[in-house]
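# Understanding the architecture of this molecule
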Amino acid sequence: MRSFRIHVLMLFCTASVAAALGPFESAAQPFVIEGHVTDTNEQPLIQATLHVQALDAYAVTDENGQYQIELDGLPADRTVEINVRYVGMRSETRIVSFPDDSTRVTEHVVMQPRDLYMSEVTVTAERGGNRASNSTYRIGREAIEQSQASSLGELLQLIPGQRVQNAPLQSAQTINFRSQFAAEAGADEPFSRNNAFGIGIYVNDQPLNNNANMQGLNPISSSAGSGATGRGFEALGGTNRFNENTYDEGETPGGGFDLREIPVGNIEEVEVVQGVSSAKYGDITEGAIHVETVAGRSPLNLNLRHTGGNTNVSADRGFRLSNSHALNVSADYLYSNADPRDRIKSYNRIGGSLLWTGYFGTRNRIQNTMRVSYRTTLDDFQVDPDLGTAKRVYYRNRRFSASNRLRISQDTPLFDRITVNAGITAGSSVSHQDRFVNPGVQPVTGSKEEGAHTGTYHPANYRTTREIRGQPLSVNLRLDIDRSFAYGEWAHTVTYGATSSLEANYGEGRVLNPLRPLTFSGGSGAERPESYEEMEPQLWQAGGYVENAVEGPLWGRTLRASIGLRTDVQNQRASYSPRLNMRYDVSETISLNGGYGIQVKAPGLIHLYPGTDYQDYPLLNYYTGSLRESVYQVYTRTRTNLTQELGPTTSYRREIGAAYNHKGFTINATLFYNTTKDGFSTRVEPDILELPEYEVTGFNEDGSPQVAETGTDRVLTTQGFVTNSLRTSNWGVELTGNTPRIEAIQTTLNFSVAFYNSYYFDNSENIDLTRRGEVQPSDDILYGIYPPSERRSGRINALVTSTHHFSELGFILNLKSEAFLYNYTQRLGSSNRPLAYINGDLERAEIAPEEQTDPRFDVLDRDPVEGSFSRDPRFVYFNVHLNLSKELGDAARLSFFANNFLNIRPEATSPDGQSVRTLNEPPYFGMSLALTL
């Protein structure tokens, strides 16, 4: 901890020295920009927000639409950029220049209503944004309204590289960036789960993560479905099948945050960073999603959406409390039914939020934003009497969050702005499963103590339940300090700060009756109740950073760069993360960019606190049909501290790119190569047990058997651990572009092509407890240990979006044409010879490389693992989606969409020729009505 404090102090000292190099040009008299903001009817807009981002100066219009921005200094070129925002209006950007002999200028702003009568409407994600990363995509309010999405997960389908899907609300919505993992035999699960876990989500700059989620079974217990497979981190209910449909719950322990929880009705803007993030943001590996919600005075906006079995109603309204204060209120309700014909599976969401914004002090130097929100969701499975099952599963999650962002602007030698972000999120989660089971009479025990003891038998059939009750808690604090200055012809903005966070879970934990198990695993796997409150799972993180955004001339052209360094302490381990993003304008139309960075993600509580692993080993199972005359002797093994010094995951990110922009025609190309090491998974290792042996020696007068210990038996078993064993390499190319508006057909074209290639493997060794022939007591070579398997997979997808906009009619028609050009999976070959073996003493013995072909190890030969390559499907196929909207006067907009409206559903035969599957989802329709009152 002492070293960490020194690291942070060094970062702050570095930033302070840099800031002292030179201030902006200053003046005793402030520079003033004044004017008014109106709509197209020359009506004043009250509480419009104006922001000079480079100098962090704010202004809010008064009841007459008037504003005044006072600046303490100017950049060297005496030019500033003003961003103007007003809810319901299209954002405006103005460039204002001060003459050499003047300290006051006037700039009037006329804002266009954000409707389909505008000359230009954006319906896709745009490249670029306010973040430091080159690979940033922005989804503005116009595109959000046209998307007709009911959750953030659906909205992010606008990002290049993603696929259009039919409102996937019956399973948790998580997202992967810049990767392609093969969906063969569940091989992709741990890799895609880690990718999603490493994506940071920020709502109004407050982190929203999955670190405290413990809604899962013990990931290293064979009763959780892990065992030697290394899958682990399963939700309570696993997979549930109803009428040939497969649904998963929304728990996602150890995976990505469930994006279904985040509605889009009150979102103003989303920025997605897929490249190298700013050093300001830690605890991420794969990118970040930044969400800004609607703030300020606004009319009542009411949205009603109906798609398939989904109904979504959302509303928001901004109230003016005073000239400098506003309160925004939003509410949301969603009901989703998987199949209206049987209503077996449903998803429900209800919530709301309050957002207060206030400006204080001279020149509005103090800005405060406070947000409070509450949301509850429910995944519910009903019993279907037609299926003859008495099983019910549901997952309920309630989440309350409160956050505050205080920003103080003041020109001092050390800072221009200080921002303090603080937030707390508390939740209550219940995963429940109950069903009627009929396994026949089986032996069971509920002992939590190590050693041999007498168990019992459960009835032939019974009803039982299993629950996980969590109370996750997240607390975070971040301090950001900015200082802008000029040094020669170069402008610098130095940002430095520190972060701290705490994740915990105080729930009742895994609640069940071990004598009435929900599943029976043959007497080895064992489930026991476990209290999170007693376990006291906690994760504390702290970090510090410094970053310099610099801009200036180089060889007659402009160079922009963001250079940062971040240090974090996660799970008592320190890490250093340099971050670099650069862009150079080669000419007026061509620019080059590149980035490099290291990003680090801490393990979650489900990784750090898997719980105690219990394994039951039957010693004597003497059952006669009468409990009194039967006996079950069992040995219970308990193991704790099963995380093997778990550390954070580290991602190394590299990218280069080029952009062309001429007369509204743009092309962007990016080549990236990302490697991630120390991903979270489970592994098994050999374990030796000395088990007593028992036999029935007689019977008592009441008929109960007499038992005696007759000796011991040394056996080999396995023990699971949570480890940093996953490795991935993802590389690819993203190509995006758009054309200017083609007036003859009133059409704009956008396109994107994405090629993703992934190489991935779990470097855990494979222990094979089977072998050729029977094991003989005299054998010294018992079982083999083999190298891990490796895989590759990749895909090429393309998307062309044509937007036909008839502004005079307030009508827009949007066509999305997807092309699935190539998809492959490859399993790399591995040796059939072992790397090591378990000897007669049940100990590991290494095999030297030169001895691996020794004939004495032939007994351990396994079937050769040959490399294989398959392309599935073996042809190119397409899909087309339609979206149209029409303004109905000034207060209403009607929208309609149809996914796969041409019903393109080709069939593909699996590479082994054993099965046929239908590509593309069936046609899916929906409509929405937006009212502004």
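Moving on, we come to the overall build of the chain. A count of helices and strands for the chain gives 6 helices and 52 strands. Of all 933 residues assigned to the chain, the portion counted as buried reaches 55%. Taking contacts inside the chain between residues at least 6 apart in sequence as the whole, the part at least 24 apart equals 70%. Of the roughly 39,000 Å² that the chain leaves accessible, carbon and sulfur atoms contribute 52%.

Overall, the prediction assigns the chain a mean pLDDT of 86, with 90% of residues at 70 or greater. Mean pLDDT values for the elements of the chain range from 34 in strand β13 (residues 239-242) up to 96 in strand β34 (residues 590-601). A low-confidence stretch, residues 1-28 stays under pLDDT 50, and its non-local contacts, those more than four residues away or across chains, total 49 contacts.

It is worth spelling out the sheet that holds strand β35 (residues 613-622) at this point. Read across the open sheet, the 3 strands follow the order β25-β36-β35; overall the sheet is antiparallel. In the strand order of this sheet, the two ends are held by β25 (451-454) and β35, each with one partner. Here the average twist between neighbouring strands, direction ignored, is 25°. Sheet topology places β35 next to strand β36 (residues 631-639); 9 bridges connect them, and they run antiparallel.

Here we come to helix α4 (residues 189-197). With 8 of 9 residues buried, α4 lies mostly within the body of the structure. Taken together, the buried positions of α4 are occupied by P190, F191, S192, R193, N194, N195, A196 and F197.

In space, the 4 strands of this open sheet follow the order β41-β42-β45-β46, with antiparallel pairing throughout. Two strands bound the open sheet, and with one partner strand each, they are β41 (766-768) and β46 (844-846). On average, each strand axis in the sheet is inclined to that of its neighbour by 30°, with strand direction left out of account.

Within a regular strand, the side chains alternate between the two sheet faces. Only one face of strand β5 (residues 79-85) is buried, namely the one carrying V80, I82 and V84, since none of T79, E81, N83 and R85 on the opposite face is buried. Sheet analysis places strand β2 (residues 49-52) next to β5, joined by 4 bridges and oriented antiparallel. For T49, the partnering residue across the bridge sits in β5 and is R85. Across 6 bridges, the pairing between β5 and strand β6 (residues 92-97) is antiparallel.

Before going further, it helps to spend a moment on unusual backbone geometry. Cis peptide bonds are those with omega within 30 degrees of zero, and the linkage from D872 to P873 qualifies with 0°. Position of P873 relative to the elements: it lies in the loop between β47 (868-871) and β48 (877-887). You will see that Q572, though not glycine, has its phi angle at about 65°, which is positive. With a phi close to 65°, D678 is a non-glycine residue in the positive phi region.

We now examine the pattern of salt bridges. Overall, the coordinates contain 49 salt bridges when judged by the stated rule. Linking R114 and E268 is a salt bridge whose minimum nitrogen-to-oxygen distance equals 3.4 Å. With R114 in the loop between β8 (109-110) and β9 (126-127) and E268 in strand β15 (residues 267-273), this residue pair connects regions lying 154 residues apart in the sequence. The buried category is assigned to R114, whose relative accessible area is 12%. The exposure class assigned to E268 is buried, which follows from its relative accessible area of 11%. The shortest N-O distance in the salt bridge between E261 and R399 comes to 2.9 Å. One end of the pair, E261, is in the loop between β14 (245-248) and β15; the other, R399, is in strand β22 (residues 392-409), with 138 residues separating them in the sequence. Per residue, the accessibility class of E261 equals that of R399, and both read buried. Counted as one network, the salt bridges with shared partners bring together R114, R141, E145, E268, E887 and R893.

Judged by side-chain polarity, L888, L894, F896, F901, L902, F925 and M927 come together as a nonpolar surface patch covering roughly 610 Å² of accessible area. Among the elements of the structure, β49 (892-899) and β52 (924-932) are those that each provide at least two residues to the nonpolar patch. For L888, a relative accessible area of 44% puts it in the partly exposed group.

Okay, the nonpolar core next. In this structure, I139, L152, L155, L156, V270 and I289 are the most contacted members of the largest nonpolar core, which totals 26 residues. Within the residue set of this core, elements represented by two or more residues are β10 (136-139), α2 (141-147), α3 (152-155), β11 (199-203), β15 and β16 (287-293). Grouped together as the second largest cluster of nonpolar side chains are 24 residues, V37, L55, I82 and F98 included.

One pass over the structure, following the stated rule, counts 22 aromatic pairs. Pairing F820 with Y877 gives two aromatic rings, centres 4.7 Å apart and planes at 25°, and the pair type is stacked. Highlighted residues: F820 in strand β44 (residues 811-828) and Y877 in strand β48, separated in sequence by 57 residues. The class for Y877 is buried, based on a relative accessible area of 9%. Each member of the aromatic cluster is reached from another via a ring pair, and the members are F181, F191 and Y760. Across from the ring centre of F672, 4.5 Å away, lies the NZ or CZ of R178, which sits over that ring. Above the plane of the ring of Y347 lies R260, whose end atom (NZ or CZ) is 4.0 Å from the centre.

Turning to the environment of T311, a few remarks are in order. Mapped onto the fold, T311 is located in strand β18 (residues 310-322). Judged by relative accessible area, T311 falls into the partly exposed class, the value being 31%. As a C-alpha pair, T311 and S336 span 25 residues in sequence and 6.3 Å in three-dimensional space. In terms of polar contacts, T311 uses its side chain to reach the side chain of H306, at 3.1 Å.

Moving on: the environment of P648. Take P648: it is sitting in the loop between β36 and β37 (649-662). Once the C-alpha coordinates of P648 and G679 are considered, the two residues, 31 residues apart in sequence, prove to be 7.9 Å apart. In contact with P648, other than residues within four places in its own chain, are Q570, R573, V600, K601, A602, P603, D678, F680 and N724.

Moving on: the side chain of S681. Structurally, the position occupied by S681 is in strand β38 (residues 665-699). The class of S681 is buried, set by a relative accessible area of 1%. Looking at S681, its side chain comes within polar contact range of the side chain of D762, at 3.4 Å.

Procedures and definitions
- Residues numbered from 1 in each chain as written.
- Predicted model: local features only at pLDDT ≥ 70, side-chain atom pairs only at ≥ 80, totals over all residues.
- Heavy atoms only, no water.
- Helix = DSSP H or I, 4+ residues; strand = E, 2+ residues; numbered from the N terminus.
- Buried < 20%, exposed > 50% of the residue type's maximum accessible area, 1.4 Å probe, protein only.
- Contact = heavy atoms within 4.5 Å.
- Areas by Shrake-Rupley, 256 points an atom, 1.4 Å probe, with all protein chains shown as cover.
- pLDDT = per-residue confidence, 0-100.
- Pairing = 2+ DSSP bridges.
- Axes fitted to C-alpha atoms, helices over the stretch in contact; angles between N-to-C directions.
- Salt bridge = Lys/Arg side-chain N within 4 Å of Asp/Glu carboxyl O.
- Patch = residues over 30% accessible without salt bridge, like charges linked within 9 Å, V, L, I, M, F, W, Y side chains within 5 Å.
- Core = buried A, V, L, I, M, F, W, Y, C linked by side-chain atoms within 4.5 Å.
- Phe/Tyr/Trp six-rings, centres within 6.5 Å; stacked < 30°, edge-to-face > 60°.
- Lys NZ or Arg CZ within 6 Å of the ring centre and 35° of its normal.
- Polar contact = N/O pair within 3.5 Å; in protein donor to acceptor, adjacent residues only side chain to side chain.

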